[in-house]
Amino acid sequence: MVATGIRSTIVRLGILLLMADDGSLTLLAAESPLQAGAFAQDITPLEFPISVNGNMADVQATGAHDRLHARCLVLANSETSLAIVVCDSCMIPREIIDAARQQAAAKTGIPAGNILISATHAHSCPTVTGVFQSDPDQKYSQFLITRIAEGIDLAYRQRVPARIGWGAVDEPSQLFNRRWVAKEGETFEDPFGGRTDRVKMNPGYSNPLVDRPVGAVDPQVSVLSVQTRDGRPLALLANYSLHYVGGVSGAVVSADYFGEFAMRMARQVQAGNAGPSFVGMMSNGTSGDVNNVNFSLKVGPKREPYEQMGVVAETIIQAVSKVYGEIQYFDSVPLRVQDAEIELGVRVPSAEDLERANKLLSETNDRPLKGMPLVYARETTLLAKYPSTVKVRLQAIRIGSLGIVSSPCETFTETGLAVKKESPLPRTFTIELANGYNGYLPPPEQHRLGGYETWRARSSYLAADAEPKVRETMLKLLRAVAE
Ligand SMILES: [Zn+2]
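A few points on the structure. (Residues numbered from 1 in each chain as written. Predicted model: local features only at pLDDT ≥ 70, side-chain atom pairs only at ≥ 80, totals over all residues. Heavy atoms only, no water.)

1. Re the environment of Q133
Move 1: Looking at the element boundaries, Q133 is found in the loop between β9 (115–119) and α3 (138–157).
Move 2: Separated by 25 residues in sequence, Q133 and T108 have C-alpha atoms that sit 37 Å apart.
Move 3: With residues up to four places along the chain from it excluded, the contact list for Q133 reads M56, A57, D58, P368, L369, V375 and R378.
Move 4: There is a polar contact of 3.4 Å between the side chain of Q133 and the backbone oxygen of M56. (Helix = DSSP H or I, 4+ residues; strand = E, 2+ residues; numbered from the N terminus. Contact = heavy atoms within 4.5 Å. Polar contact = N/O pair within 3.5 Å; in protein donor to acceptor, adjacent residues only side chain to side chain.)

2. Side note on the layout of surface pockets
If you roll a probe as big as a water molecule over the atoms, it shows you where there is empty space left.
Move 1: Roughly 460 Å³ of volume is contained in the second largest pocket.
Move 2: For the second largest pocket, the lining is made up of 25 residues, of which P93, E95, T129, Y386 and Y437 are closest to its centre.
Move 3: Elements with a contribution of two residues or more to the lining of the second largest pocket: α2 (94–108), α3 and β21 (389–399).
Move 4: Broken down by class, the residue content of the lining of the second largest pocket amounts to 12 nonpolar, eight polar and five charged. (1 Å grid on protein atoms, 1.4 Å probe; cavity = no way out; pocket = protein on both sides within 12 Å on 5 of 7 lines; lining within 4 Å. Points joined across faces, edges and corners; volume = space filled by probe spheres on them. Nonpolar A, V, L, I, M, F, W, Y, C, P; charged D, E, K, R; others polar.)

3. Focus: unusual backbone geometry
Move 1: Looking along the chain, the bond that leaves F48 and enters P49 is cis, with omega of 0 degrees.
Move 2: Within the secondary structure, P49 sits in the loop between β3 (35–42) and β4 (50–52).
Move 3: The step from R367 to P368 runs through a cis peptide bond, and the omega angle for that step is -5 degrees.
Move 4: Relative to the assigned elements, P368 resides in the loop between α6 (351–362) and α7 (372–383).
Move 5: The backbone phi angle of L433 is positive, close to 50 degrees, even though this residue is not glycine.
Move 6: By the element assignment, L433 lies in the loop between β24 (427–431) and β25 (440–441).

4. Side note on the coordination of the zinc ion
Move 1: The zinc ion binds to the protein through H121 (NE2), H243 (NE2) and E410 (OE); the donor distances cover 2.1 Å.
Move 2: All donor residues of the zinc ion come from one chain, and their arrangement in sequence is H-x121-H-x166-E. Taken together, the residues span a long stretch of sequence, with H121 in the loop between β9 and α3 and H243 in the loop between β16 (233–240) and β17 (252–253) at a distance of 122 residues. Of the two residues, H121 and H243, neither departs from the other in class, the shared state being buried. (Donors = N, O, S within 2.8 Å, 3.2 Å for Na, K, Ca; no water. Buried < 20%, exposed > 50% of the residue type's maximum accessible area, 1.4 Å probe, protein only.)

5. Here we look at the packing of helix α4 (residues 256–269) against helix α5 (residues 307–324)
When two helices pack together, their arrangement is given by the angle between the helix axes and by the axis-to-axis distance.
Move 1: Where α4 meets α5, the closest approach of the two axes is 9 Å, and the angle between their N-to-C directions is 45 degrees. Compared by their axis directions, α4 and α5 come out oblique. The way α4 lies across α5 gives a crossing that is right-handed. On α5, the residues touching D256, Y257, E260, F261, R264, M265, Q268 and V269 of α4 are M309, G310, V312, A313, E314, I316, I317, V320, S321 and Y324. (Axes fitted to C-alpha atoms, helices over the stretch in contact; angles between N-to-C directions. Parallel < 35°, antiparallel > 145°, perpendicular 65-115°, else oblique. Left-handed = near helix turned anticlockwise from the far one by under 90°.)

6. Considerations on empty space enclosed by the protein
Move 1: Going through the model one piece at a time under the given rule, you end up with one cavity of 30 Å³ or more.
Move 2: Roughly 40 Å³ of volume is contained in the largest cavity.
Move 3: Considering the residues around the largest cavity, the lining is formed by A36, G37, A38, Q158, V160, L234, P276 and S277.
Move 4: Counting residues per element, the lining of the largest cavity draws most heavily on β3, at three residues.
Move 5: Looking at side-chain class alone, the lining of the largest cavity contains five nonpolar, three polar and no charged residues.

7. Here's the deal with the pattern of salt bridges
Move 1: Counting across every chain of the model gives 26 salt bridges.
Move 2: Taking the shortest distance from any N to any O, the salt bridge between E189 and R195 comes out at 3.9 Å.
Move 3: Relative accessible area serves as the criterion here: at 55%, E189 is assigned to the exposed category.
Move 4: The class of R195 is partly exposed, set by a relative accessible area of 46%.
Move 5: In this structure, E260 and R264 form a salt bridge, with 2.7 Å as the shortest nitrogen-oxygen distance. Placement of the pair is E260 and R264 together in helix α4, with a separation of four residues, close to one helical turn.
Move 6: For E260, a relative accessible area of 19% gives the class buried.
Move 7: A single salt-bridge network, built from bridges that share partners, covers R94, D98, R101, D339, E341 and R393. (Salt bridge = Lys/Arg side-chain N within 4 Å of Asp/Glu carboxyl O.)

By themselves, these figures tell us nothing about what the structure is for.
This is the structure:
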């Protein structure tokens, strides 16, 4: 911690001190003053019914319980500009991201590679990615591209001189690793006719066949706070490693706890009505294997629809409140972005896998497909057309001494924890499902244990050695922006 007197002088001079673990201070180059703008762009569909992503069988939503948004934050100084966008969506494919980035870049001059666009992973938003039996809504996909680009432009246009700070607090109470390992000698079926899985995802309450959760949770709530120079809140970007909450009533679209958090945060900071509205944002960390259901209980708590997402949002708001008042702000910070692609292998089905899948599918005329074996058989036929490698985009952003690094995967919590621990920057958080969609990213050991997240489908198709390569590249990009 820098003494307050020194800090105020430093801020006025537009320089930043970086403190290493051993307490040594590094003087960073002078930066020009920060400008920031934020805008919550409405992306609620204009037409219903509309397909909803996130289930094995498709759901057609007939209305909206609450509004969906693309929440946009733009940061700029005279050297660099960047945008961070969090969309109420389950997952957004690369084609939509690329088009939105290009449109936004053309409107604002922010380089396309300096734009991070992520999905919250709410399971009650319109389908823009083909997974299981939900197909993308083409009209909504085009609408989403335009809306994201316009949202970034509106955030950029209303940018003002700003100050920025960050912090973190632990809130473990809402997180449970959902992958449970079998008791000694027990195995579970997969949907491909095998029975070698040692792990069951969401085993249910009081399941006598499972022993304990097999992975960790990351309790950290990270917070990036942006204010006008005189201290009026402009935006707060939070980050938490929780899959989603759910608990909607019927076939509707909803922004889940991510939307609840944004709304309640605005109330909490009492930003007032002068000037642009405050934008709360909740991004998803690394939650591929972590949800909000405590299967170590005998029975789950009874909740009304939407009640649990409110409980989770409020719990995190209270956690954020513990650090919000202590955040140290800077008028000028280094802004750096590294955007990269790596090539990763695909688990393309074998000729034998394909033959088995086609045989299964030929035995039924029922649509929609019923049961996991048939759903995964169809996924097998679709994956058989995939190339043997795909390009996966990773991105690191540095804001002062804070690092933000993203992957386009449903990333496991242990990956996020490792990246935070090994990051060269004093504070780091991860945003998953950003800048594209490449399915689950189980570490090699989790692939060996099996379970839902490893089952080959469009929701899980990267090679079993992908995670170490992604992890290493995330760290490489962080080292590059930290330099
Ligand atoms: Zn998921």
